[in-house]
Amino acid sequence: MTYEHILASKDGDVGIIQLNRPHVLNALNLKIIDELVAELERMDGDDSIRAILLTGNDKAFAAGADIAEMADEATVSMLLKDQFSVWDRIAKINKPIVAAVSGFVLGGGCELMMNCDIIVASETTRIGQPEIKLGVMPGAGGTQRLTKVVGKVKAMEMLLTGESITAQEALDFGLINRVVPVELYFEEALKLAKKIAEQPPIAVRLIKKTVGKALDVPLDEGMDYERNAFYLLFASEDKSEGMKAFIEKRKAKFTGR
Ligand code: CAA
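Every chain's residues receive numbers from 1 upward, in the order its sequence appears when written. In keeping with the model being predicted, local features are shown solely for residues with a pLDDT of at least 70 and side-chain atom pairs are shown and tallied solely at 80 or more, while totals for entire chains, interfaces and linings include all residues. Heavy atoms from the whole structure form the basis of all side-chain values; hydrogens and water molecules are not counted.

Asker: Before we go on, may I ask you to explain helix α12 (residues 237-247) in this structure?
Answerer: Helical periodicity: at 3.6 residues per turn, an α-helix aligns residues three or four positions apart in one direction. Only protein chains enter the accessibility calculation, which uses a 1.4 Å probe. A residue is then buried if its area is under 20% of the maximum for its type, exposed if over 50%, and partly exposed in between. Secondary structure is summarised from DSSP: a helix means a run of H or I of at least four residues, a strand means a run of E of at least two, and numbering begins at the N terminus for each. Along α12, the residues classified as buried are Asp238, Glu241 and Ala245. Buried residues of α12 fall within an arc of 65° about the axis and therefore sit on the same side. Turned more than 90 degrees away from the buried face of α12, the exposed residues are Phe246 and Ile247. Where α12 terminates, the next one or two residues include Lys249, which has phi positive at roughly 55°. Working definition: the arc comes from the directions between the helix axis and the C-beta atoms, pointing outward to the latter.

Here you go:
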């Protein structure tokens, strides 16, 4: 499948998606999000892919929603278009998404990054929710996901001033996993994605889903969900293989069954 604004490829078991509107710092117009969601869902259903890597370029992961596209919109047209509802499908992708980010990660770019599961950033990364400077506010999860991760006061500071934070600050706040030199962020993210791709796919899928629950439901409900997911894995061939391989002191061969 060829797209206008994204590049899709594969490295072993890892599906790679690159946002590709460099002339506008990967501003997220409607089409790029539609293409991204279509490719994520395609990769999610492709058995030969076990983890997904999402990236931009050294200068920008994404500098937010496309302002030029939104500038003439009004309330009713925005409501009817409901352009952010398609974003909900990103959160429903079953396979883990590793983000390799660098440069500007702003507005919708930050919201997109927060939909990923593991985030490797270059030292040049700047992360922020600058919508307030445009007279608006985040519309794709910025007030909700950011607050859940960094806590109320830091979220308030970022959202109310619109100022970005450095990769190191984001690391300190638990918003990202790693900061590495710009020459290495993609390789480092790919290495992580490949390591995840070696794990038993059903366990990977259930862990992703269950960790997601931790952010949404009360603890006892989350614990119940976890226990049931744990028991469910005992029906998988990968559980039998994983435990047998341990006892036989050999590397397990997981099939995703
Ligand atoms: N939408 C559309 N075009 C954008 C864009 C955006 N979000 N961000 C950058 N661009 C375009 C610029 O218009 C410019 O295009 P031209 O060359 O045709 O003029 C090109 O990308 C390069 O940008 P700059 O010349 O501005 O580059 P810079 O290095 O001087 O500044 C920047 C970089 C600080 C990121 C600046 O571009 C900027 O402030 N961008 C907007 C960031 C922003 O406000 N994002 C939030 C958008 S709203 C949103 O995301 C809502 C939501 O919740 C989903």
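After that view of the structure, there is still more to cover.
Asker: What is the right way to look at the pairing of strand β7 (residues 118-122) in this model?
Answerer: Regular strands place side chains that alternate from one sheet face to the opposite one. Judged by how many residues are buried, β7 sits mostly within the fold: five of five residues are covered. One bridge is not enough; two strands pair if DSSP finds at least two bridges between them. With four bridges joining them, strand β5 (residues 97-101) and β7 adopt parallel strand pairing. Paired with Val98 across the strands is Ile118, a residue of β7. With three bridges joining them, β7 and strand β10 (residues 178-180) adopt parallel strand pairing. Within β10, the position partnered with Ser122 by the bridge is Val180.

Asker: Explain the sheet that holds strand β8 (residues 126-128) to me, please; I cannot follow it from the model alone.
Answerer: The strand order β4-β6-β8-β9 describes an open sheet built from four strands, whose pairing is mixed. Where the open sheet ends on each side, the last strands, each with one partner, are β4 (60-62) and β9 (165-166). Relative to β9, β8 is paired through two bridges, and the arrangement is antiparallel. Paired with Arg126 across the bridge in β9 is Thr166.

Asker: Is there a simple way to think about the environment of Asn177 in this case?
Answerer: With respect to the helices and strands, the residue Asn177 is situated in the loop between α8 (167-172) and β10. With 57 residues separating them along the chain, Asn177 and Val120 place their C-alpha atoms 5.8 Å apart. If we skip the residues at most four places from it in the chain, Asn177 touches Ile118, Ile119 and Leu171. Contacts are assigned to residue pairs with any non-hydrogen atoms lying within 4.5 Å of each other.

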